[in-house]
Amino acid sequence: GQDPREVRALWQKLYHQPQICWVGRMGITHLALGAIDLALWDLKAKEARVPLWKLLGGSAAKKVEAYNTDGGWLNWPLETVVADCKRLVEEEGYRAVKIKVGGPSPGEDLRRVEAVRKALGPEIRIMTDANGRWTLPQAIQTAGRLVDFDITWIEEPIFFDDVEGHRRLAGAIRTPIALGEQLYSASQFRDFMHAGAVHYVQPDVTRLAGITEFWQVADMAHCYSLPVAPHVGDMCQVHQHLCFAHPACSLLEYIPWLRDWMEAPATIDAGYYVAPDAPGAGTTPSAKALREINKA
């Protein structure tokens, strides 16, 4: 019996439900609230017959750069990592790639980074991601040496919730810190920003309570003069719209997984996102996806 166009009002109503507070304000309840919020914004844009980025006041002329994270996996041998990064740059036109670090040997981590930098040259941006594997001393020692290779950021260097640890690390190294995919609320992001413990903010609409809370985080980051580079748990379908719309966003990771499951998958041209023109938030499943769901 509610008006689905009143998205923010409905978000407030759902967010403050006693049942959600009792069961848990993070994790599965938050994911469920986020799914509802995404669906409501999708409906709102479809009713207006415009892509979500346009409903939110964005522009198709904005440049949103893609950095490819579909390679550089920790279990790949060094030769494969280097070859794949070169392919992404030379054959597919990316100007930024991400590789994993955080293996059992800090020396091997640094050799991986050095080899990729040597292969790609000085003009390509390289991001690194440790997935929270290091202790604070390990991060100070290893991440502190990444500056030698002009790395854009070290992502999740230590355990995800450790605000104080990231603050101390930020003061000890020169490479910027990125994080956010494991944070579930705007208040958590506020604590990291206020502490000076993050430099690249990485909210995810599927982990936060949808687009409404994502926008709160992006506005907050903008106030702190911090760039927002979203994590794409949705395979970048919704996040591309948000990046075309929000002034703090100009860089978005790209992962080609589930492309066949989307009616209008995200498109990259010469390393940049192409603004979607279909009405909605980019979440409409393809015929193939519906067939597979029906089989299940």
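Residues numbered from 1 in each chain as written. Predicted model: local features only at pLDDT ≥ 70, side-chain atom pairs only at ≥ 80, totals over all residues. Heavy atoms only, no water.

## As for the state of the cysteines
Item 1. Evaluation of the coordinates by the stated rule reveals zero disulfides.
Item 2. Not part of a disulfide, Cys85 finds its nearest cysteine sulfur in Cys236, a span of 18 Å.
Item 3. Classification of Cys85 by relative accessible area gives buried; the value is 1%.
Item 4. The closest cysteine sulfur to the non-disulfide-bonded Cys243 is located on Cys249, 4.3 Å from its own sulfur.
Item 5. The exposure class of Cys243 is buried, given its relative accessible area of 0%. (Disulfide = S-S within 2.5 Å. Buried < 20%, exposed > 50% of the residue type's maximum accessible area, 1.4 Å probe, protein only.)

## With respect to a nonpolar patch on the surface
Item 1. Judged by side-chain polarity, Trp257, Leu258, Trp261, Leu290 and Ile293 come together as a nonpolar surface patch covering roughly 480 Å² of accessible area.
Item 2. Residue classification places Trp257 among the partly exposed positions, given a relative accessible area of 41%. (Patch = residues over 30% accessible without salt bridge, like charges linked within 9 Å, V, L, I, M, F, W, Y side chains within 5 Å. Areas by Shrake-Rupley, 256 points an atom, 1.4 Å probe, with all protein chains shown as cover. Salt bridge = Lys/Arg side-chain N within 4 Å of Asp/Glu carboxyl O.)

## Describing unusual backbone geometry
Outside of glycine, negative phi angles account for most residues, and trans bonds account for most peptide bonds.
Item 1. In this structure, Glu156 takes a positive phi of about 45° despite not being glycine.
Item 2. You can see Glu156 is positioned in the loop between β4 (153-155) and α8 (163-172).
Item 3. Even without glycine at this site, Ala270 takes up a positive phi of about 55°.
Item 4. For Ala270, a relative accessible area of 52% gives the class exposed. (Helix = DSSP H or I, 4+ residues; strand = E, 2+ residues; numbered from the N terminus.)

## Some thoughts on the side chain of Ser286
Item 1. With respect to the helices, strands and loops of the structure, Ser286 is situated in the loop between β9 (272-273) and α12 (287-295).
Item 2. Those residues within four positions of Ser286 in sequence are excluded, and the remaining contacts are Asp260, Trp261, Met262 and Glu263. (Contact = heavy atoms within 4.5 Å.)

## Things to note about the pairing of strand β7 (residues 251-254)
Item 1. Across the two faces of β7 the burial is the same, with Leu251 and Glu253 and Leu252 and Tyr254 all buried.
Item 2. Where strand β1 (residues 65-68) and β7 come together, four bridges link them in parallel fashion. Bridge pairing in β7 places Tyr67 opposite Glu253. (Pairing = 2+ DSSP bridges.)

## Notes on the packing of aromatic side chains
Item 1. Scanning all chains against the criterion turns up eight aromatic pairs.
Item 2. Their ring planes at 50° and their centres at 6.5 Å tell us that Trp53 and Phe244 sit as a pair that is tilted. Taken as a pair, Trp53 in helix α4 (residues 52-55) and Phe244 in helix α11 (residues 239-245) lie far apart in primary sequence, 191 residues in all.
Item 3. Overall, Phe244 belongs to the buried group, its relative accessible area being 2%.
Item 4. Ring centres 6.4 Å apart and planes at 25° place the aromatic pair Tyr94 and Tyr254 in the stacked group. (Phe/Tyr/Trp six-rings, centres within 6.5 Å; stacked < 30°, edge-to-face > 60°.)

## Considering the side chain of Asp234
Item 1. Along the chain, the position of Asp234 falls in the loop between α10 (210-223) and α11.
Item 2. It turns out Asp234 is buried and unbridged, and the closest side chain with the opposite charge, Arg207, is 9.5 Å from it.
Item 3. Looking at Asp234, its side chain comes within polar contact range of the main-chain nitrogen of Gln237, at 3.1 Å.
Item 4. Of note is the side chain of Asp234, whose polar atom sits 2.5 Å from the backbone nitrogen of Val238. (Lys, Arg positive; Asp, Glu negative; His and termini not counted. Polar contact = N/O pair within 3.5 Å; in protein donor to acceptor, adjacent residues only side chain to side chain.)

## As for the packing of helix α7 (residues 136-143) against α8
Item 1. Remark: α7 packs on α8, axes separated minimally by 10 Å, with the N-to-C direction vectors making an angle of 25°. With respect to α8, the axis of α7 lies roughly parallel. Regarding α7 and α8, the two cross each other, and that crossing is right-handed. Mapping the contact onto sequence places Leu136, Ala139 and Ile140 in α7 and Gly165, Arg168, Leu169 and Ala172 in α8.
Item 2. For the contact of α7 with α8, the per-class residue count stands at five nonpolar, one polar and one charged. (Axes fitted to C-alpha atoms, helices over the stretch in contact; angles between N-to-C directions. Parallel < 35°, antiparallel > 145°, perpendicular 65-115°, else oblique. Left-handed = near helix turned anticlockwise from the far one by under 90°. Nonpolar A, V, L, I, M, F, W, Y, C, P; charged D, E, K, R; others polar.)

## Looking at α7
Item 1. Restricting attention to buried positions, one finds in α7 the residues Leu136, Ala139, Thr142 and Ala143. Projected onto a plane normal to the axis of α7, the buried residues spread over an arc of 140° and lie on a single side. Exposed residues on α7 whose side chains face more than 90 degrees from its buried face are Pro137 and Gln141.
Item 2. Looking at the packing, one finds that the buried side of α7 touches α6 (106-120), β4 and α8. (Arc of directions from axis to C-beta.)

## Focus on the environment of Lys54
Item 1. Here Lys54 is to be found in helix α4.
Item 2. With 103 residues separating them along the chain, Lys54 and Pro157 place their C-alpha atoms 36 Å apart.

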